[in-house]
Amino acid sequence: MRLGVGAAFVEGRLVPGDVSIADGQIEAVGLGGSGRGTALPGLVDLQVNGFGGVDLLRADAEDVLELGRGLARSGVTSYQPTLITSPPDQTRQAMRAIEEARRRREGGDGARVLGTHLEGPFLSPRRAGTHPEDELRLPDLALLGELLAAGEVTTMTLAPELPGAEALIDELVRRGVCVSLGHSEADAATAHAAFARGARAVTHLFNAMGPFRSREPGLAGAALVQDDVVLGLIVDGVHLAPETVLLAWRAGRGRVALVSDAIAATGCGDGSSSIGSVEVAVEAGVARRSDGRLVGSVGTLAEGLARLCKLGVGLEEAVPAVASVPARLVRRDVGRLAPGGPADVTVVDDALSVTAVLVGGVAVDVDIARAQRAS
């Protein structure tokens, strides 16, 4: 099968020509013939709380599968289901549903589950954001063990300044779980110490953390100067000003991972929604709690890529932020397009709108997503 594209993003560069696929893998690139659009590696989203009416904290296995199908139609072929802070029993139940969905998923049936991202409960109450403050916990190795036993966890976000956080970081690193710092009041020294212990990323840089100041750069400043730390960014036109995005991009070139931070309301238009126990109102494409705090995002990862490019970042430079950089962070063989690799492909037009998606070589019906948006 040939894709009929005019170019493909292969191993870090745009290669003119078509792409062929066989047996669920990329067979060849740079093939002759006329075509339209650009084939990108299937997009990789490390922070998805919900999508298309499905809230992962309340989902059963069939809901999770349906969410994966919707994500695939938006261009995402691999993702981390992300669970914000909730009662431990609810978190474990949600993790079991995610694990069941992963076992039941077949072939190209929606986006691949990489593993769960636990965003909490070991977060700072001073930077809770939308997390229910009464459910936040101080670091607890026993509770951590119970959560890790409920399913495969690939990332945990925690606040490194909390008493006992060092022991949690050590245990997570020992188990091969990516430690991401976020929802935190940490000063720069504490952040640097956490990175030295093995923390490898920052969750939605600048959001839900202490501010960057001239003599107190905090977590954000520490992350910007750590050359091996991945910077998660929500580029939805709401969470960060354009200048802030470009500052992070230029300081962290080659180690930025765009995330959607999508919630259940994504793809559903304005109206009422929720994330766990938190009620959400979406108005003019912005999700907020009743007190005005932002609650995740209703933008897609592909839209974030398009926004980044509109700020002047070239496509060749931008694509790794939604593909190879997040894949490398969680150590998964996705987010690349090359002969012999998995045929997870997102095709975009000149405006970077998604026109076709394949997961494991199986085409996804993108027209369904267009029809839903139009309605």
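These lines cover the structure that appears in this document, whether it is placed above or below. (Residues numbered from 1 in each chain as written. Predicted model: local features only at pLDDT ≥ 70, side-chain atom pairs only at ≥ 80, totals over all residues. Heavy atoms only, no water.)

1. Examining the overall build of the chain
Right, on to step 1. From N to C terminus, the chain includes 11 helices and 22 strands.
Right, on to step 2. Radius of gyration (C-alpha) of the chain: 20 Å, near the 21 Å computed for a compact globule of 375 residues.
Right, on to step 3. Along the first, second and third principal axes, the C-alpha atoms of the chain reach 60 × 45 × 40 Å.
Right, on to step 4. Here the chain holds 375 residues, and 58% of them are scored as buried.
Right, on to step 5. Across the chain, contacts joining residues at least 24 apart in sequence account for 69% of those joining residues at least 6 apart. (Helix = DSSP H or I, 4+ residues; strand = E, 2+ residues; numbered from the N terminus. Rg over C-alpha atoms; globule rule 2.2 N^0.38 Å. Buried < 20%, exposed > 50% of the residue type's maximum accessible area, 1.4 Å probe, protein only. Contact = heavy atoms within 4.5 Å.)

2. Concerning the sheet that holds strand E22 (residues 362–364)
Right, on to step 1. Spatial ordering of the open sheet is given by E2-E1-E5-E20-E21-E22, a layout of six strands whose pairing is mixed. Across the chains shown, the open sheet's two edge strands, defined by having one partner strand only, are strand E2 (13–16) and E22. Across the sheet, the mean angle from the axis of one strand to that of its neighbour is 25°, orientation sign disregarded.
Right, on to step 2. Bridging between strand E20 (residues 345–348) and strand E21 (residues 354–359) involves four bridges; their strand directions are antiparallel. Residue pairing in the sheet places Val-345 in a bridge with Leu-358 of E21.
Right, on to step 3. Contacting E21 and E22, helix H1 (residues 61–73) crosses the sheet at an angle of about 130° to E21. (Pairing = 2+ DSSP bridges. Axes fitted to C-alpha atoms, helices over the stretch in contact; angles between N-to-C directions.)

3. A short note on the side chain of Ser-274
Right, on to step 1. Position of Ser-274 among the secondary structure elements: in strand E17 (residues 271–275).
Right, on to step 2. Accessibility expressed as a relative area gives 11% for Ser-274, which makes it buried.
Right, on to step 3. Separated by 3.4 Å, the side chains of Ser-274 and Arg-58 make a polar contact.
Right, on to step 4. With residues near it in sequence (within four places) discarded, Ser-274 still touches Asp-55, Arg-58, Ala-264, Glu-279 and Val-280. (Polar contact = N/O pair within 3.5 Å; in protein donor to acceptor, adjacent residues only side chain to side chain.)

4. Here's the deal with the environment of Ile-169
Right, on to step 1. By the secondary structure assignment, Ile-169 is in helix H4 (residues 165–174).
Right, on to step 2. According to the relative accessible area criterion, Ile-169 is buried, its value standing at 2%.
Right, on to step 3. Residues Ile-169 and Ala-199, 30 residues apart in the sequence, show an inter-C-alpha distance of 7.0 Å.

5. Some thoughts on the sheet that holds strand E18 (residues 278–283)
Right, on to step 1. Strand order in the open sheet formed by three strands is E17-E18-E19, with antiparallel pairing between adjacent strands. Every other strand in the sheet has two partners, leaving E17 and strand E19 (286–288) as the edge strands with one partner each. Each neighbouring strand pair of the sheet contributes to a mean axis angle of 35°, computed without reference to strand direction.

6. Here's the deal with helix H5 (residues 188–197)
Right, on to step 1. Those residues of H5 lying buried are Ala-188, Ala-191, Ala-194 and Phe-195. Down the axis of H5, the buried set is contained in an arc of 125°. They therefore lie on one face. Turned more than 90 degrees away from the buried face of H5 sit Ala-189 and Ala-196, all of them exposed.
Right, on to step 2. Contacts made by the buried residues of H5 are with H4, strand E13 (178–181), strand E14 (201–202) and helix H6 (218–225).
Right, on to step 3. Downstream of H5 by a residue or two, Gly-198 has a phi angle that is positive, lying close to 130°. (Arc of directions from axis to C-beta.)

7. Some words on the nonpolar core
Right, on to step 1. Residues Tyr-79, Phe-195 and Leu-205 are the most contacted members of the largest nonpolar core, which totals 95 residues.
Right, on to step 2. Apart from the residues lying within four places of it in its own chain, the contact partners of Tyr-79 are Asp-45, Val-48, Val-64, Leu-67, Leu-71, Ala-111, Arg-112, Val-113, Leu-114 and Gly-115.
Right, on to step 3. Counting residues in hydrophobic clusters, the runner-up holds 14 residues, among them Ala-201, Ile-234, Ala-327 and Leu-329. (Core = buried A, V, L, I, M, F, W, Y, C linked by side-chain atoms within 4.5 Å.)

8. Some words on the packing of helix H3 (residues 141–149) against H4
Right, on to step 1. For the pair H3 and H4, interaxial distance at closest approach is 10 Å and the crossing angle is 30°. As summarised for this structure, H3 and H4 are arranged roughly parallel, according to the angle between their axes. The interaxial crossing formed by H3 with H4 has right-handed handedness. Each of Leu-141, Leu-144 and Leu-148 in H3 lies in contact with H4, whose residues at this interface are Ala-167, Leu-168, Glu-171 and Leu-172.
Right, on to step 2. Of the residues assigned to the contact of H3 with H4, the class counts are six nonpolar, no polar and one charged. (Parallel < 35°, antiparallel > 145°, perpendicular 65-115°, else oblique. Left-handed = near helix turned anticlockwise from the far one by under 90°. Nonpolar A, V, L, I, M, F, W, Y, C, P; charged D, E, K, R; others polar.)

9. Structural notes on helix H7 (residues 242–251)
Right, on to step 1. Of all the positions in H7, only Val-245, Leu-246, Ala-248 and Trp-249 are classed as buried. Seen from one end, H7 has its buried residues packed into an arc of 160°, which puts them on one side. Exposed and facing more than 90 degrees away from the buried side of H7 are Glu-243 and Arg-250.
Right, on to step 2. Buried residues belonging to H7 abut H6, strand E15 (230–234), strand E16 (256–259), helix H8 (301–310) and helix H9 (315–318).

10. Overview of the side chain of Ser-86
Right, on to step 1. Position of Ser-86 among the secondary structure elements: in the loop between strand E9 (76–84) and helix H2 (88–104).
Right, on to step 2. When near neighbours in sequence (up to four residues on either side) are disregarded, Ser-86 contacts Leu-57, Thr-91 and Glu-135.

11. Section: the pairing of E13
For a regular strand, the rule is simple: side chains alternate between the two faces of the sheet.
Right, on to step 1. Along E13, one buried face is formed by Cys-178 and Ser-180 and the opposite face, lined by Val-179 and Leu-181, is buried too.
Right, on to step 2. Direction of pairing for strand E12 (residues 153–158) relative to E13: parallel, over a ladder of four bridges. Along E13, the bridge assignment pairs Leu-158 with Leu-181.
Right, on to step 3. You can see the chain leave E12, run along H4 and come back into E13, and the turn it takes is right-handed.
Right, on to step 4. One ladder, built from two bridges, connects E13 with E14; its direction is parallel. Bridging across to E14, Ser-180 finds its partner in Ala-201.
Right, on to step 5. Read from E13 through H5 to E14, the crossover connection turns out right-handed. (Right-handed = clockwise from strand over helix to strand, strands pointing away.)

Purely geometric numbers; function is a separate question.
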